[in-house]
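Here is how the chains run, residue by residue.
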Amino acid sequence: MDLSPAASLRSRITVALGRTARLVSRLRGGGSGGTALPGLVVEKTDPGFLARTLGQLPMGVIVVSGTNGKTTTTKMVVQLLREQGLTVLTNRSGSNFVRGVLASLLTEVDAGGRVHHDVAVLELDEAHAVRFVRLVKPRHALLLNVMRDQLDRFGEIDYTASLLHKVALATTGSVVVNADDPRLGAASFIGDLRARVAAFGAGEALRALFVSDDDLRTGARAQEPRASGAAKEAGEEGAPVPQAPAALAPRVSLESLRGRDAVVRVDGTDHDVTFTIPGIHNQLNACAALAVALEALGDRADLPGLLTTLARVQAAFGRGEVLALDGRDVQLSLVKNPAGFRMGLLTAAEAVRSGGPESVMIAINDEYADGRDMSWLWDVEFAGLRAEGVAVVTGVRAWDMALRLRYDEVPVGTVEPDLTRAVALLREAAGKADDGAGRPMRIFTTYTAMLALRAHLAELTDVEEALT
C-alpha cells in the first residue's frame, strides 16, 4: 500500500518525533532502553501510525501470543521466514505491549514512514494483543497456551483465554492453536472463527510431559487421545471444557524425543530433526513456529529448508540461553508460572542425566513485570532438586523461595537476596564442587531478576545484547 502525500507527511513528522524521543530515552538510560517513551509519543501524537505503517506489508502481520514461550517462538518464526527469503519486521526487544511494537517500527521504517518488508512477526502480551487487533487485523495468529500467570493482573485463566479468543476472531487468514491446550483446542474456542484453523501439538508418546494448567491443579496427566471427546475439568469443580474435535489433528507435532534428537510429523509425514536448542518446551515451541510459518508461506514453503532451519533455531535471551563463565556453562532459565518452572526442571533433570550434576541458583523477584503474587511457587514440585540441592537462592523473594524448598526437603546452601553477591556465591560453589573439578551452573530466574543478572553477567563474560 502506497502512502498518500498527506499520510507520508504525517508519518515523516511522527518518525522524527519518535526517533527524537528514543534518543532522549537512551541518553537518559545510559545508552540502553528506549521502548516506552518513543512508543508513547507515537501513540499519543499519531494514533493511525500503526495501522498505516503495517498496512504496507504485502504478507500482513503474524501475531504470536499466549502465556509461555512467546519471545523464543517469535524469534523462531522470524528465522524460519527469513531463511525462506522473506524480509521480516519484528519487535526485537521482546517489548510485547503496543508501545513496544511502535518503538520497534521506528527502527525499521525510513524517514517517510515507509517499510520495505514482506511480513511482520510480532510478539504480543495477551491483553495488549486485544488492543493491537482493534487497530490492525492480523493475517495469521499463533496462540501457544493458556496458563496461570500474573494472576494479580489477569485474574484467572478463562479470562486470559477470552482475550486470545478476541485475537483469533480478528484474524483474517489462519489461526494456529495448541491442540493439547484444553481451552485453545476446545470446540467452544475455535467454533466461531472465520479464519482457517490449524494446530500444533505433542504426539501421544510425549503428551504426559506437556500438562495443562488443569492437569497441574488436579494432578492428572493428559494421556487420553486428543480427539477422544472426553471432558476435562477446568475452572470450578465439575465444569467441563469441550475437547478438540478430530478435525484439529495437529499439522505439526513433536512425536518423539531422545535428548535433542526428535521426530517431527508434518502433514502426516515423519521427519528426523536434531535440535540445537535445549529444552523440551522449546522443541515444542519450534513445532509451533513451523506450523505458523507453513500457514504464512502456503505453496511457497520449502519444507526441507524449513526443517534445516528448525534444527538450528536458538532460544531468545534468558530463555534457555547458555553463557560461558569461569570455563563452564551457565544456563539461564526464565520461570514465571507453575507450568514454565515445571518444564525448566524437567530440562534440568535431563541435563543432569546426560551430563552430570549442576550447581543451581534460583532468583525470584516480584516486580510488576514478574507478577506481584508469588503464591504459584507452591504449585511447583521441587523434589527433583533434593539430591544435589540448590546452591544459592536470591532475589526480592529469596526467603519465600527458600521456605518453599524446605517444604520439599530440598537443601539450600545460601540465601542471599542481593543478586550480585549471589552470583559470586554461585561461582564459588560451582568451582568447589566435585573436589574442585567444578560444575556447570543453571539459574532459574523470574523476568526482572533475569534482566539484572544478564546485566551483571555482561560485566564478567560475553553476553549477547538484548536489542531495544
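Structure's up top.
Only a predicted model underlies this, so the values are computations on that prediction, with no experimental measurement involved.

Chemist: Quick question: what am I supposed to make of the sheet that holds strand E9 (residues 252-258) here?
Modeler: Hydrogen bonding along the main chain pairs the strands of a sheet, whether they run parallel or antiparallel. The strand order across the open sheet formed by nine strands is E2-E3-E1-E4-E5-E6-E9-E10-E11, and the pairing between neighbours is mixed. Edge positions in the sheet fall to strand E2 (88-90) and strand E11 (269-274), since each has one partner strand and no second. Pairwise comparison of adjacent strand axes, ignoring direction, gives a mean angle of 20° for this sheet. With five bridges joining them, strand E5 (residues 174-178) and strand E6 (residues 196-202) adopt parallel strand pairing. Counterpart to valine 176 in the pairing with E6 is alanine 198. Relative to the sheet, helix H8 (residues 157-170) contacts strand E1 (61-65), strand E4 (140-143) and E5, its axis offset from that of E4 by approximately 160°.

Chemist: Help me understand the pairing of E9 in this model?
Modeler: The two faces of a sheet get side chains in turn, since along a regular strand they alternate between them. Examined bridge by bridge, E6 and E9 share three bridges and lie parallel to one another. Residue pairing for E9: alanine 202 is matched across the bridge by leucine 254. As defined by bridge partners, E9 adjoins strand E10 (residues 261-266) across six bridges and the pair is classed as antiparallel. Across the sheet, residue serine 256 finds its bridge partner in E10, namely valine 263.

Chemist: Would you explain the packing of aromatic side chains in this entry?
Modeler: Each aromatic ring pair is characterised by the separation of its centres together with the angle its planes make. Summed over all chains, the structure comprises four aromatic pairs. Seen in terms of ring centroids, phenylalanine 341 and phenylalanine 382 are 5.1 Å apart; in terms of plane orientation they differ by 90°. Their pairing is edge-to-face. Taken together, the residues span a long stretch of sequence, with phenylalanine 341 in helix H13 (residues 338-355) and phenylalanine 382 in the loop between strand E14 (359-363) and strand E15 (390-394) at a distance of 41 residues. Across the pair, exposure class does not vary: phenylalanine 341 and phenylalanine 382 are buried alike. For the ring pair tryptophan 378 and tyrosine 407, a centre distance of 5.2 Å and an interplane angle of 75° mean the geometry is edge-to-face. With tryptophan 378 in the loop between E14 and E15 and tyrosine 407 in helix H14 (residues 398-407), the pair connects residues that are 29 residues apart, well separated along the chain. Here tryptophan 378 falls in the partly exposed class, since its relative accessible area comes to 42%. With relative accessibility at 57%, the residue tyrosine 407 sits in the exposed group. Put simply, the rings of Phe341, Trp376, Phe382 and Phe444 touch in pairs and so form one group of aromatic residues.

Chemist: How should I be thinking about the pattern of salt bridges in this particular structure?
Modeler: Should the charged atoms of two oppositely charged side chains come close, the side chains can pair. Summed over all chains, the structure comprises 23 salt bridges. Here glutamate 83 and arginine 312 are joined by a salt bridge, their closest N and O atoms 2.2 Å apart. Taken together, the positions of glutamate 83 in the loop between helix H4 (70-82) and E2 and arginine 312 in helix H12 (residues 303-312) put the pair 229 residues apart, joining distant regions of the chain. The class for arginine 312 is partly exposed, based on a relative accessible area of 39%. For glutamate 358, the salt bridge goes to arginine 442, with nearest N and O atoms at 2.7 Å. Of this pair, glutamate 358 sits in the loop between H13 and E14 while arginine 442 is found in strand E17 (residues 441-445), placing the two residues 84 residues apart along the sequence. The structure contains a network of salt bridges with shared partners spanning Arg196, Arg251, Asp267 and Glu295.

Chemist: Explain the packing of helix H11 (residues 280-297) against H12 to me, please; I cannot follow it from the model alone.
Modeler: The geometry of a pair of packed helices is captured by two quantities: the angle between their axes and the separation between those axes. It is at 11 Å that the axes of H11 and H12 come closest, and there the two elements cross at 150°. Here H11 is positioned roughly antiparallel relative to H12, judged by the angle of their axes. The hand of the H11/H12 crossing is right-handed. Residue-level inspection shows Ala286, Leu290, Leu294 and Leu297 of H11 in contact with H12, the latter providing Leu303, Leu306, Leu307 and Leu310. Residue composition of the contact of H11 with H12, grouped by class: eight nonpolar, no polar and no charged.

Chemist: What is the right way to look at a nonpolar patch on the surface in this model?
Modeler: Among the surface-exposed residues, Leu9, Ile13 and Leu17 lie close enough to one another that they form a single nonpolar patch of about 280 Å² accessible area. Structurally, leucine 9 is set in helix H1 (residues 5-28).

Chemist: What is the right way to look at the nonpolar core in this model?
Modeler: Core analysis: the biggest nonpolar cluster contains 48 residues, and Leu81, Leu142, Leu254, Val264, Phe275 and Leu290 have the highest contact counts within it. The set of elements that each furnish at least two residues to this core consists of E1, H4, strand E3 (119-123), E6, E9, E10, H11 and H12. In terms of residue count, the dominant contributor to this core is H11 (13 residues). What valine 264 contacts, discounting residues up to four positions off in sequence, is Val252, Ser253, Leu254, Thr269, Asp270, His271, Val273, Phe275, Cys287 and Leu290. With 44 residues, the next largest nonpolar core counts Val42, Val109, Phe132 and Ile157 among its residues.

Chemist: Got a minute to help me understand the pairing of E15 in this structure?
Modeler: With five of its five residues buried, E15 lies for the most part within the structure. As paired elements, E14 and E15 share three bridges and run parallel to each other. Within the sheet, the bridge partner assigned to isoleucine 362 lies in E15 and is valine 393. Of the crossover connections in this fold, the one passing from E15 over H14 to the parallel strand E16 (residues 412-415) is right-handed.

Reading guide: rules and limits
- Residues numbered from 1 in each chain as written.
- Predicted model: local features only at pLDDT ≥ 70, side-chain atom pairs only at ≥ 80, totals over all residues.
- Heavy atoms only, no water.
- Pairing = 2+ DSSP bridges.
- Helix = DSSP H or I, 4+ residues; strand = E, 2+ residues; numbered from the N terminus.
- Axes fitted to C-alpha atoms, helices over the stretch in contact; angles between N-to-C directions.
- Contact = heavy atoms within 4.5 Å.
- Phe/Tyr/Trp six-rings, centres within 6.5 Å; stacked < 30°, edge-to-face > 60°.
- Buried < 20%, exposed > 50% of the residue type's maximum accessible area, 1.4 Å probe, protein only.
- Salt bridge = Lys/Arg side-chain N within 4 Å of Asp/Glu carboxyl O.
- Parallel < 35°, antiparallel > 145°, perpendicular 65-115°, else oblique.
- Left-handed = near helix turned anticlockwise from the far one by under 90°.
- Nonpolar A, V, L, I, M, F, W, Y, C, P; charged D, E, K, R; others polar.
- Patch = residues over 30% accessible without salt bridge, like charges linked within 9 Å, V, L, I, M, F, W, Y side chains within 5 Å.
- Areas by Shrake-Rupley, 256 points an atom, 1.4 Å probe, with all protein chains shown as cover.
- Core = buried A, V, L, I, M, F, W, Y, C linked by side-chain atoms within 4.5 Å.
- Right-handed = clockwise from strand over helix to strand, strands pointing away.

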